[in-house]
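Summary of structural features
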Amino acid sequence: MAAATVATTLAACGGGDSGGGGGGGDSAENEASDIGITEDSIKLGAHYPLTGVAAPGYSEIPTGVQAYFDFVNANGGVNGRQIEFVYRDDAYNPTNTSQVVNQLVLEDEVFAIMSGLGTPTHNAVTDFLNSEGVPDLFVSSGSRLWDDPEEKPYTFGWQPDYEIEGKIIGQYVAENFPDAKVGLFLQGDDFGEDGSAGARQFLEDQIVAEETYVPGNTDVRPQISALQAAGADFILGFNVPSYTALSQLTALQLGYDPQWFYSNVGSDPVLVGSLLARFSEGAISDASLLDGVLTTEYIPGVDNPDNEWTQLWQRVWEESGQEGELSNYRAYGMSQAYTMVQALQSAGQNPTRDDLVAAVEQAGSEWQGPGFAPFRYSEDKHAGYSGMLVSRLLGEGSEELTPVLVTDNGDAEITEAENEPASPPESGIPDEEPIN
Amino acid sequence: MSDLQTPASSPAAGAATSEAPSTATAASNASSAQAAGGRTFLPRNTLLRHLLVLVLCAVGAVILLESTDLGFNAQIGYVAFYAIAAGGLTLLTGLNGQISLGHGALMAVGAYTTALLLDVEEPLPLIVIFLAAVALTSVVGAIVGVAAARLHGPYLAGATLALAVGLPGLALYFRSFLGGEQGLTVSSPDRPDWFVEGIRTLSGNSASGVKWIAYIAVACLLITYFLLANLMRSRVGRTWRAVRDQEVAAELAGINLGTWRVLAFLVSAAAAGLAGAVLALVVRLTAPTAFTIVLSLSLLTAIVIGGLGSLLGALIGSALLVFLPRVLRDAGESLDMDAAQAAEISYVVYGVILVLVMLFAPAGLVGSIRLAWMKQRARRAGARTGG
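Calculation rules
- Residues numbered from 1 in each chain as written.
- Chains lettered and ligands numbered in written order.
- Predicted model: local features only at pLDDT ≥ 70, side-chain atom pairs only at ≥ 80, totals over all residues.
- Heavy atoms only, no water.
- Helix = DSSP H or I, 4+ residues; strand = E, 2+ residues; numbered from the N terminus.
- Rg over C-alpha atoms; globule rule 2.2 N^0.38 Å.
- Buried < 20%, exposed > 50% of the residue type's maximum accessible area, 1.4 Å probe, protein only.
- Contact = heavy atoms within 4.5 Å.
- Areas by Shrake-Rupley, 256 points an atom, 1.4 Å probe, with all protein chains shown as cover.
- Lys, Arg positive; Asp, Glu negative; His and termini not counted.
- Charge placed at Lys NZ, Arg CZ, Asp CG, Glu CD.
- UniProt positions renumbered as here; feature names shortened; annotations may be inferred.
- Pairing = 2+ DSSP bridges.

This next bit is on the overall build of chain A. A count of helices and strands for chain A gives 14 helices and 14 strands. A globule of 436 residues ought to have a C-alpha radius of gyration of about 22 Å, and chain A, at 22 Å, matches this closely. Over its C-alpha atoms, taken along the principal directions, chain A stretches across nearly 75 × 45 × 40 Å. Within chain A, the proportion of its 436 residues that are buried is 62%. Sequence separation of 24 or more characterises 71% of the internal contacts of chain A that already satisfy a separation of 6 or more. Total accessible area on chain A is roughly 15800 Å²; 45% of this is exposed by carbon and sulfur atoms. In chain A, 16 positive and 69 negative side-chain charges are present, and the distance between their average locations comes to 5 Å.

Spelled out as structure tokens, the structure:
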């Protein structure tokens, strides 16, 4: 309906701009400028684990994305186009991922893929998406694989990568706990590896032990006892939420009580709390074990109920009428959807797939949104947020311990963010200028 | 696992009973050649008959691939690699009576071999890479087979289960070489010019990378099934059936049980290796999460639903693996479920179908149809002689 109105009111001018070169400004009509885009709709696709071991938590992300797109659609959509969001289950299995993404691209004919979740899963489809020229925006993983503009010009990361997170954590620990004997508790893949590499830039002398676990093996007693035996009194974990719960329970059994620091991925208090209750068969009923645990944050979540963005997400969630409560995973999905709307607006009125990529490269670093730090997007860099802050968990809330710290990969310096965090626009919907 | 009615564990076919071919493996016993006496347009010679079927299937496959869109072409690739692996497994389980929960891991061997050999400046011809994947997997399969030949039923399942659980872990252990959790990306092989030209003259479709891979997958499937079908109808196949149905009788007839069991495992592993190689091309990535126990169990369900011991059954079961979840999911979504519910319901319905097949058609789809057909023929023959 809204689209029809826009189309008729704008029909007076322009129109003949069939060059396919993208937006003709405000005066042109809406056209079906590329695959997946029509006069009044735009189709986006995604893959998530909706079933299987990775589903708890992660399966909530698409409901957040959907809720925000519903909100934007109810307010007229983007350039008069309604956003159609198609997401499919891959059960965190790369074979399924490639199958559903094939389907999204070849059968559903989406304009772009967004928010694809997981390192091994999404890694299965980047080559295909890049060879087909499908924009592959805002991957839900902090791997550094997505920042490769030479080989993968259509792929963009979104969240801060694990290396810069490791650096920021490392510097904070070195400055605030100079006497701590640090033990690393790492997932045995690039997540643990990149995080460890970043932290070691600052903590090389303080680290007394490094233990890795293999995802899927639920017995972490050998690792935790080894950390205890090495005399570590400060444990830095780059692990997923279930291993936060397992490491807490194991330490409790061993009578081991170090200071814990979990990186952002493994620290959602609500999910960890429910996992603790399940793993301990009810002996522990909430996240109280996590009180005083340190972690990092890069977007506001439900632990900051007074934040304006959280309030916006709350409003969007209630209006969407879906079941369940707003969670950090849904806030994550909404933040990604917000960035996606910014990208679509910047790409102009009648964008092609290449226009969308150009928009992220050219305008992405300027976008103001829920993220505490700016994006690092440019023609040479496809990495997401540039920084985060360190906080302490208190019950299901948290308190901030540092200002927002920004940095880049390698030996780039860590500095305080220059900009104040942005407030959401009155309407709750971004308003970006087209790049052309 | 006892629900699977593997000949080795089901009382109807165990070594203790002389009641040869069990219902569960009915699909593997009736050969189209046994249409002897009946009217048939197919040649009597097995090789000729299979060649004819191969050519017909190839023509049919080309028609199918060219009359459907690219998305369907891509799905065919998935059906093909499941079907190749299921074909090998159905030979092992249906013909020789051994169960394997480790075929997912054997596929991983083929897939990683392919990924590593393709990941060089000047890769070898694809056919050489595929043969290398098959050869290496056969070696692994033969080693497993030597251990497996001494085991039965649940013990064999347990031993091969260990393979399925353990082998993908190697990719995490040798992370720098095998890529760890995030896996190895597989570079797509270039399309040859003759293929692009051929498709253009044939149907006018553009020959994209997806189509090329679909053709490779289908070609591998047809060749594998041709070879397996010949093997099953030969002396080798009969010996395997003898080993399955009556160990003592087979041994008295001079058959060395162990050797033949290892051979069955080797052939079956070779098929799994080729399936892994095709999977690597189709999925474009080999990562340990793709080769979990779930993959091995999917293959087993495919051959059980289709009919143990039947290649056609393995193909049908594989097609169900790929298309049924989609159909169910779309049905769920059209009933206004959200995507997560629709994804969950597809597993439930799949499970229900499996249970129903076990209860009402324990010989699988193909086996049941064959049984019904044979019964009817017997009745007709009986009526003729009686009347």
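Residues and elements named next belong to chain B. Residues annotated by UniProt as "transmembrane region" (unreviewed entry) correspond here to residues 47-65, 71-92, 124-148, 155-174, 212-231, 262-283, 311-328 and 348-373. As annotated, residues 71-92 has a helix share of 100% and a strand share of 0%, and its two end C-alpha atoms lie 33 Å apart. Between the end C-alpha atoms of residues 348-373 there is a gap of 31 Å, over a span that is 88% helix and 0% strand.

Below, the discussion takes up the pairing of strand β1 (residues 41-48) of chain A. Residues and elements named next belong to chain A. Within β1, eight of the eight residues are buried, which leaves the element mostly enclosed by the surrounding structure. On β1, burial covers both faces: S41, K43, G45 and H47 on one face and I42, L44, A46 and Y48 on the other are all buried. Sheet topology places β1 next to strand β2 (residues 82-89); eight bridges connect them, and they run parallel. Each bridged residue has a counterpart across the sheet, and for A46 the counterpart in β2 is Y87.

Our focus in this paragraph is the pairing of strand β12 (residues 397-400) of chain A. Residue and element names in this part refer to chain A. The sheet contact formed by strand β11 (residues 387-394) and β12 spans four bridges and is antiparallel. The residue of β12 that forms the bridge with R392 is E399. Connecting β11 to the antiparallel partner β12 that follows it, the hairpin turn spans two residues, and G395 within it adopts a positive phi of roughly 60°.

Here the focus is the environment of B:E333. Tracing the sequence through the fold places B:E333 in helix α14 (residues 311-334). Judged by its relative accessible area of 28%, B:E333 falls in the partly exposed class. Placed 124 residues apart in sequence, B:E333 and B:G209 show a C-alpha to C-alpha distance of 31 Å. Beyond its immediate stretch of four places on either side in the chain, B:E333 contacts A:R88, B:A339 and B:A342.

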